[in-house]
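So the chains spell out like this:
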Amino acid sequence: MENNAFIVFDNDREGLLFDDSAHKTYPIRVYNVINGKGAEIKKDKSYFGYCYKGIVCMSFDDKPSYPIPDGMYFNSMGNFKIGNIASDENKVLLIEVDHDKGFYQENKFKSLFSIGGPLETHGRLKYIDGCTDSLLIPPVKMGDPCFNHLHFPTDIVQTQHTHPSHRIGMVTGGSGKCITPFGHLPLKKGMIFLIKEWNGESFGEGIDGQKYPVGQHAFETYEEAMDVVAFHPDSDFGATDETHPMINRTIVNGVSASKIDSIRTKDVRS
């Protein structure tokens, strides 16, 4: 299913779901990995993953193997393999980031290894219209991609909105509906979707014959709450070289080191 705001992917099909590797700013690919098959993991790429069925084994050449059960997420350079840990079926939503191109190269982004989860019952941050969210994998540096959990209580009616970059999402629990000017789409557990970016210029014809921004949408819930995980290829939040917890709280004669240009590191060396 697809319209001018939303794409729904078949989560029973392994392999490449969405290829945006030619994006000039945020080149990514999205895979559905079933029983360890469906993606060729590359050592020179960065990855965000979410296990949504069964238990997978994340193995490395130089460190222990880790079980990743349903509801857990991870972030890593492509120096790992995904395999079965049991005979039961397992599925992983996997996002590949080409960190040698576009803004990622400019910002010197590369994934840090981390494993987290399971998801909590609601988000720790207030969002919009009664929804909450948690920043599961935050941007290490401002501009870096991030991975989020959104919680929608019952009877939510979101305000129509857009995003300046693609959102790769999955419904991890409950159900709802995506309301768009181009048609409505049901949301149910296990659904993998993409919300299209709005570049500020592209418009499409709605079902009422009027023009609307590409990607305009809103989520609604009814008798059942809903949870979603979402990958954002960019951020406008995070630390910078000029302001971060380490330098801000280093005090020289009562003055934060962030305010003393002469002592701040100029050249980064290995």
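Coordinates for the structure precede this section.
Remember, predicted model here, so these are calculated numbers, not experimental data.

**Q** Explain the overall build of the protein chain here, please?
**A** Scanning the protein chain from terminus to terminus reveals 2 helices and 22 strands. The C-alpha radius of gyration computed for the protein chain amounts to 20 Å, which stays within 12% of the reference 18 Å derived for 270 residues, consistent with globular compactness. With respect to the three principal axes, the spread of C-alpha positions in the protein chain is 60 × 50 × 35 Å. Counting the 270 residues in the protein chain, one finds 50% classified as buried. A sequence separation of at least 24 residues applies to 67% of the contacts in the protein chain between residues at least 6 apart. A total of about 13900 Å² of accessible surface is found on the protein chain, and carbon and sulfur atoms cover 51% of it. The centroid of the 28 positive side-chain charges in the protein chain is displaced by 6 Å from the centroid of its 36 negative side-chain charges.

**Q** Would you mind going over the side chain of Asp227 with me for this structure?
**A** With respect to the element layout, Asp227 can be found in strand 20 (residues 226-232). Here Asp227 occupies a buried position and makes no salt bridge, while the nearest side chain of opposite charge, Lys189, is found at 9.4 Å. Here His149 takes part through its side chain, which lies 2.8 Å from a polar atom of the side chain of Asp227.

**Q** For this particular structure, what's the right way to read the nonpolar core?
**A** Where a protein is soluble and globular, its nonpolar side chains tend to be buried together. Among the nonpolar cores identified, the biggest contains 25 residues, and Phe48, Ile95, Val97, Phe147 and Phe231 are the most heavily contacted of them. Sequence-distant contacts of Val97, that is, excluding residues within four places in its chain, are made with Pro27, Ile28, Lys45, Ser46, Phe48, Tyr104, Phe109 and Phe231. Core analysis: the second largest hydrophobic core is formed by 19 residues, Phe182, Leu185, Phe193 and Ala230 among them.

**Q** What should I look at first to understand the sheet that holds strand 5 (residues 55-60) in this one?
**A** The strands that make up a sheet pair up through hydrogen bonds in the backbone, lying either parallel or antiparallel. With respect to topology, 3 strands assemble into an open sheet ordered 6-5-8, the strand pairing being antiparallel. Edge positions in the open sheet fall to strand 6 (66-69) and strand 8 (80-84), since each of these has one partner strand only. Strand after strand, the sheet turns through a mean of 30° between neighbouring axes, direction not considered. In the sheet, strand 5 pairs with strand 6 via 4 bridges, with the strands oriented antiparallel. Among the inter-strand pairings, Ile55 is bridged to a residue of strand 6, identified as Pro69.

**Q** How should unusual backbone geometry be read in this particular structure?
**A** Cis peptide bonds are those with omega within 30 degrees of zero, and the linkage from Gly117 to Pro118 qualifies with 0°. With respect to the secondary-structure elements, Pro118 resides in the loop between strand 10 (114-116) and strand 11 (125-126). The phi dihedral of Asn253 is positive, around 50°, even though this residue is not glycine. With respect to the secondary-structure elements, Asn253 resides in the loop between strand 21 (251-252) and strand 22 (255-256). Using a relative accessible area of 79% as the deciding quantity, one classes Asn253 as exposed.

**Q** Help me out: how do you make sense of the pattern of salt bridges in this one?
**A** Side-chain pairs of opposite charge can arise whenever the charged atoms involved come near each other. According to the stated counting rule, one finds 12 salt bridges in the structure shown. Where Lys53 meets Glu89, a salt bridge forms, and the shortest distance between an N and an O atom there is 2.7 Å. With Lys53 in strand 4 (residues 46-53) and Glu89 in the loop between strand 8 and strand 9 (91-97), this pair connects stretches of sequence that are 36 residues apart. A residue is classified by how much of its surface remains accessible, and Lys53, at 37% relative accessible area, is partly exposed. Note on Glu89: relative accessible area 33%, which makes it partly exposed. Here Asp261 and Arg264 are joined by a salt bridge, their closest N and O atoms 3.3 Å apart. Put simply, Asp19, Arg29, Lys42 and Glu96 are held in one network by salt bridges that share partners.

**Q** When you look at the layout of surface pockets in this model, what are you seeing that I'm missing?
**A** Regions of empty space are outlined by a rolling probe, equal in size to a water molecule, passed over the atoms. Looking at the largest pocket, its volume works out to about 820 Å³. Along its surface, the largest pocket is lined by 35 residues, and Val140, Lys141, Thr240, Asp241 and His244 are the ones closest to its centre. Contributing elements (two or more residues each) for the lining of the largest pocket: strand 7 (73-77), strand 10 and strand 12 (132-137). Ranked by residue count, the leading element in the lining of the largest pocket is strand 10, at 3 residues. Here the residues of the lining of the largest pocket sort into 16 nonpolar, 8 polar and 11 charged. As a volume, the second largest pocket reaches approximately 590 Å³. Lining the second largest pocket are 28 residues, and of these Tyr127, Asn148, His163, Arg167 and His232 sit closest to its centre.

What counts as what
Residue numbers run consecutively from 1 along every chain, following the written order of its sequence. With the structure being a predicted model, the display of local features is reserved for residues of pLDDT at least 70 and the display and counting of side-chain atom pairs for 80 or more, all residues being used for whole-chain, interface and lining totals. Excluded from the side-chain calculation are hydrogens and water; included are all heavy atoms of the structure. Secondary structure counts use DSSP, requiring at least four H or I residues in a row for a helix and at least two E residues in a row for a strand, with both numbered from the N terminus. Put simply, the radius of gyration uses C-alpha atoms, and a globule should come to 2.2 Å times the residue count raised to 0.38. Accessible area is worked out with a 1.4 Å probe on protein chains only. A residue is then buried under 20% of its type maximum, exposed over 50%, and partly exposed in between. The contact definition used throughout considers only heavy atoms, calling two residues in contact when any of these lie within 4.5 Å. Only the protein chains shown count as cover for residues, and the accessible areas themselves come from Shrake-Rupley with a 1.4 Å probe. Under the convention used here, Asp and Glu are negative, Lys and Arg are positive, and both His and the chain ends fall outside the count. To locate a charge, take NZ of a lysine, CZ of an arginine, CG of an aspartate or CD of a glutamate. The salt bridge definition used is simple: a Lys or Arg side-chain nitrogen within 4 Å of an Asp or Glu carboxyl oxygen. Within 3.5 Å is the distance limit for a polar contact, defined as a pair of N or O atoms, with the added protein rule that one can donate a hydrogen and the other accept it, and that residues adjacent in sequence qualify only through two side-chain atoms. Only buried Ala, Val, Leu, Ile, Met, Phe, Trp, Tyr and Cys residues count toward a nonpolar core, and they belong to the same one when joined by side-chain atoms within 4.5 Å. Paired strands, in this sense, are two strands between which DSSP finds at least two bridges. What counts as an axis is a line fitted to C-alpha atoms, over the stretch in contact for a helix, and the angles between N-to-C directions run from 0 to 180 degrees. For cavity detection a 1 Å grid was placed over the protein atoms alone, and a set of points counts as a cavity when a 1.4 Å probe fits there but cannot get out; an open set counts as a pocket when protein lies on both sides within 12 Å along at least five of seven lines, with lining residues being those that have an atom within 4 Å of a point. Grid points are joined across faces, edges and corners, and a volume is the space filled by probe spheres set on the points. Under the scheme applied here, ten amino acids are nonpolar (Ala, Val, Leu, Ile, Met, Phe, Trp, Tyr, Cys and Pro), four are charged (Asp, Glu, Lys and Arg), and all others, including Gly, are polar.

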